[in-house]
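# Examining the three-dimensional arrangement
Below are the chains, spelled out letter by letter.
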Amino acid sequence: MVLKEKVVQIYEAFFHGEDPSVSNPNFWDELFLLKVNTQFIESEIDKLSGESLNNLKDNFNLLFYRASQALTGDNNIRKINALHTLCALVRGIFRKSHGNCGFDVINLLIGFDSAESVMQSLIESINMLLTGDVPTNLKQLSLKFMLVLVTATDNISQNTILEYLLINSVFESLVQILGSRTIGPVLGHDAVLLLTLLVQYRKYESANPYVVKLSILDDELALTGYAQIVSNLLSEFNRDYENQSEEPSTGWFSALASMVGSMFVAEEKKMELMRANDSLLLALYEATHLNRNFITALTHSHTPTPATTPPTSPAIAPSTVTPSEGSEKNSSPTQDRPASPAPTSVTTQPTNLLVTFLQYSSIVTQETKDLTRYNNAKLCLIILTCIAEDQYANSIMHDVNMTFRVMLHKMPMRHRKGRTEVNPPSRPLICSLLDLMVEFVLSHLMKTFPMDLYVRCLGIIHRVLCYQKKLRVRIQYPWKQLWTALISLLKFLLSHEGHLVKKHNIFHLASKVVNVFNLFVTYGDTFLPNPTSYDELYYEIIRMHQIFDNIYSMALRYTTTESEYKDSAAKLINHLVNIRAIINHFSPKVEAWTAANHLSSLTEEQVLEVVRGNYDTLTLKLQDSLDQFERYSEKPRETPFFTNQVRTIISDVRKSVTNLSSHQHDALLELSAIS
């Protein structure tokens, strides 16, 4: 005869339809002092048929109710075991519901008649545990239970049990955790994750109170805590990437053997890390998109304290950020600026979440061939779009008195090795953002052309230029890099027209590129750093006139045929009016000057001299809406993307809270230590 745990014998009685508590008034007090066997509960539920499940409805209701009641008592051991019992019931019954057994989960789990009162009591108890004077592990277990509840269905909007979380909110408790310097670093990750998922519930269908409350949250401590959680975890990813990049190189044979041996493991690990960051990026997106006050936390500058060992879990002190987020020991002067004084120690360089995020984006936007990386890069560009639209964020990024060192990573290409600037100059953040966009434009000119990402990248550049034009902000930036990158993009579209036009509206993308040039041509005198920069813009247009001529010819071809892109091609021709006017005006002047001076070719300075002497006779057309853009809106365009992202995140989170036995063990150990 096999010996069984006492608790298993009790569970068996429940699954046989019996009620062991009938003749024992102390039964429930004693049951929740016994260590829960969650695996047994879930496996027994899995074995049941649909009819058997419905027959045991009263017993499930009773067990759920009694476990909820145990949370109102004073004994923390009972609370731990009650939470694990609730987790097992929710996981088991919801998993069974995926088999479409034809039952209502709420009725089977709680019972329709008592669901409202039981859930109200349960959420009140959870709030008491999260905010009250109880052991940290018990608070963490409460958050884990909430994550089990929220991730019970693949489609979060079909999880009707969350309706009770709209009526009885946990928002204030989560805000309190995020604002706490003591428990925030330990519980913050789960709190941010839970809040982010609750925001997703029927967000497109009805008024979700978590969306409303997050959008008006102005608690500075909570917002800073929220930002710090995201920053710490993204920093950890950045640090891991840097450590891999800095591994010492060995001989080619051993390097090849090592590469082949670890290629698949490393790739799998990298994908897991990126998928894990999906939830963080979604959290950062929701806060940036919904809450104007969060921009303050995003750009809040602080000086990291040195860490003897890098943190490896969410339990990180709020002030602990690695130097790699934006600081290095040595400085090199920026272009067009006198050399700055020797910088202070590496640990005293200022940083913020935006610095960390720009560095992270430079890593994840390098490769976009598989869906996980593509979606990660897309979400980064969406977040940067929201930031580029915000006037306060722009004012911080353009402030010459607020400079940061941002280590941007560049992917290896045929003509260069992958590299990271070891000693990045301390510059306004807008320079790093533009560098990131220029790098993206240059490094993704390939057959698997990420059209949507290019449109977003150009949208970010356009928004930044609109801000500079509107407020007449002049920054010291090597604009020629941007112009060269955009011309390279046009050249790529021309070279691969036949392949790309079958899949993408390349005329729409080309129009966006041309309109960036139009913005410089029409309003450049208001935001370019000096007249010389404006002259150099004309020089680049004249020098690369063949590219613009060919783009015009390509567009003209499609306007004379019945093509699906006929209208887009016609718009592109219209957008090229001023560029062609510049080329047609200055090219004869340059040729005439060359002939008059009996020269075969001209230097850049000689061409610039011709340009400066012939501005007066140039006539340009004033184009409408160059400094206007359509503000970002999630609904309806981005709805499918975020729906799929949330599904992926829910699946990953559900796996992470499947086995909480280690949390049970830690919580009981903590209680024994306290006692």
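Looking at an unreviewed UniProt entry, one finds the protein named Armadillo-like helical domain-containing protein and attributed to Elysia crispata. Looking at the Subcellular location (unreviewed entry) heading of the UniProt record, one finds this comment for the protein: "Membrane".

## Some details on the overall build of the protein
A tally of regular secondary structure across the protein gives 31 helices and four strands. For the protein, the residues scored as buried account for 54% of the 675 residues in total. Here the protein displays about 30500 Å² of accessible surface, and carbon together with sulfur accounts for 52% of that area.

## Re helix H18 (residues 371-389)
The terminal C-alpha atoms of H18, which comprises 19 residues, lie 27 Å apart, in line with the 27 Å expected from a rise of 1.5 Å per residue. With respect to burial, H18 is a largely interior element, 17 of its 19 residues being buried. With a side-chain oxygen lying 3.3 Å from the backbone nitrogen of Thr372, the N-terminal cap of H18 falls on Asp370.

## Let's talk about the pattern of salt bridges
A complete count under the given rule lists 30 salt bridges for this structure. A salt bridge links Asp452 to Lys378, with the nearest nitrogen and oxygen atoms 3.8 Å apart. On the criterion of sequence distance, the pair formed by Asp452 in helix H21 (residues 451-471) and Lys378 in helix H18 is long-range, its members being 74 residues apart. Several salt bridges converge on common partners, so that one network encompasses Glu42, Asp46, Arg91 and Arg95.

## Considering the packing of helix H26 (residues 545-559) against helix H27 (residues 566-575)
For the pair H26 and H27, the least separation of the axes is 8 Å and the interaxial angle reads 145 degrees. When the axes of H26 and H27 are compared, the crossing they make is left-handed. In this structure, H26 contributes Ile551, Tyr552, Ala555, Leu556, Tyr558 and Thr559 to the contact, and H27 contributes Lys566, Ala569, Ala570, Leu572 and Ile573. Residue classes in the contact of H26 with H27 are distributed as nine nonpolar, one polar and one charged.

## A look at the environment of Ser215
Relative to the elements of secondary structure, Ser215 occurs in helix H13 (residues 209-216). The exposure class assigned to Ser215 is partly exposed, which follows from its relative accessible area of 25%. Remark: the alpha-carbon pair of Ser215 and Asn293, spanning 78 residues in sequence, is separated by 8.5 Å. Residues contacting Ser215, with those up to four places away along its chain left out, are Leu290 and Asn291.

## A closer look at the confidence of the model for the protein
Reading predicted coordinates in detail is not appropriate for stretches of low pLDDT. Looking at the protein as a whole, the pLDDT averages 86, with 85% of positions reaching at least 70. Taken as a whole, residues 248-257 scores under 50 in pLDDT and shows one contact with residues more than four places along the chain or in a different chain. Here residues 306-347 is modelled with pLDDT under 50, and outside its nearest four sequence neighbours on either side it reaches 91 contacts, counting other chains as well.

## Side note on the environment of Ser553
Following the sequence through the fold, Ser553 ends up in helix H26. Here the alpha-carbon distance between Ser553 and Ile573, two residues 20 residues apart in the chain, equals 8.9 Å.

## Examining the packing of aromatic side chains
Following the criterion strictly, the structure yields 27 aromatic pairs and no others. Of the aromatic side chains, those joined through ring pairs into one cluster are Tyr477, Trp479, Trp483, Phe520 and Phe527. Cation over ring: Lys203 sits above Phe642, and NZ or CZ is 5.9 Å from the ring centre. Between the NZ or CZ atom of Lys469 and the centre of the ring of Tyr523, over which it lies, the distance is 4.5 Å.

## With respect to the packing of helix H5 (residues 57-70) against helix H8 (residues 112-131)
Contact geometry of H5 with H8 gives a least axis separation of 9 Å together with a crossing angle of 35 degrees. By crossing handedness, the relation of H5 to H8 is classed as left-handed. Of H8, the residues touching H5 (which contributes Phe64, Tyr65, Ser68 and Gln69) are Val118, Met119, Ser121, Leu122 and Ser125.

## Comments concerning unusual backbone geometry
Residue Pro636 is bonded to the preceding Lys635 through a cis peptide linkage, with omega at 5 degrees. Note on placement: Pro636 falls in the loop between helix H29 (604-612) and helix H30 (639-656). One non-glycine residue, Arg202, adopts positive backbone phi at about 45 degrees. One can find Arg202 in the loop between helix H12 (184-200) and H13. Of note in this structure, His598 is not a glycine but carries a positive phi near 55 degrees. Note on placement: His598 falls in the loop between helix H28 (577-596) and H29.

## What about the side chain of Ser68?
Here Ser68 is to be found in helix H5. Classification of Ser68 as buried rests on a relative accessible area of 1%.

## Overview of helix H14 (residues 220-245)
With 26 residues, H14 extends 37 Å from end C-alpha to end C-alpha; this agrees with the ideal 38 Å at 1.5 Å per step. Capping of H14 at its N-terminal end is provided by Asp219; its side-chain oxygen lies 3.1 Å from the backbone amide nitrogen of Leu221.

## Some thoughts on the environment of Glu44
In this structure, Glu44 sits in helix H3 (residues 38-47). Linking Glu44 and Gly92, residues 48 residues apart in sequence, is a C-alpha distance of 8.5 Å.

Conventions we followed
- Residues numbered from 1 in each chain as written.
- Predicted model: local features only at pLDDT ≥ 70, side-chain atom pairs only at ≥ 80, totals over all residues.
- Heavy atoms only, no water.
- UniProt positions renumbered as here; feature names shortened; annotations may be inferred.
- Helix = DSSP H or I, 4+ residues; strand = E, 2+ residues; numbered from the N terminus.
- Buried < 20%, exposed > 50% of the residue type's maximum accessible area, 1.4 Å probe, protein only.
- Areas by Shrake-Rupley, 256 points an atom, 1.4 Å probe, with all protein chains shown as cover.
- Expected span 1.5 Å × (residues − 1).
- Polar contact = N/O pair within 3.5 Å; in protein donor to acceptor, adjacent residues only side chain to side chain.
- Salt bridge = Lys/Arg side-chain N within 4 Å of Asp/Glu carboxyl O.
- Axes fitted to C-alpha atoms, helices over the stretch in contact; angles between N-to-C directions.
- Left-handed = near helix turned anticlockwise from the far one by under 90°.
- Contact = heavy atoms within 4.5 Å.
- Nonpolar A, V, L, I, M, F, W, Y, C, P; charged D, E, K, R; others polar.
- pLDDT = per-residue confidence, 0-100.
- Phe/Tyr/Trp six-rings, centres within 6.5 Å; stacked < 30°, edge-to-face > 60°.
- Lys NZ or Arg CZ within 6 Å of the ring centre and 35° of its normal.

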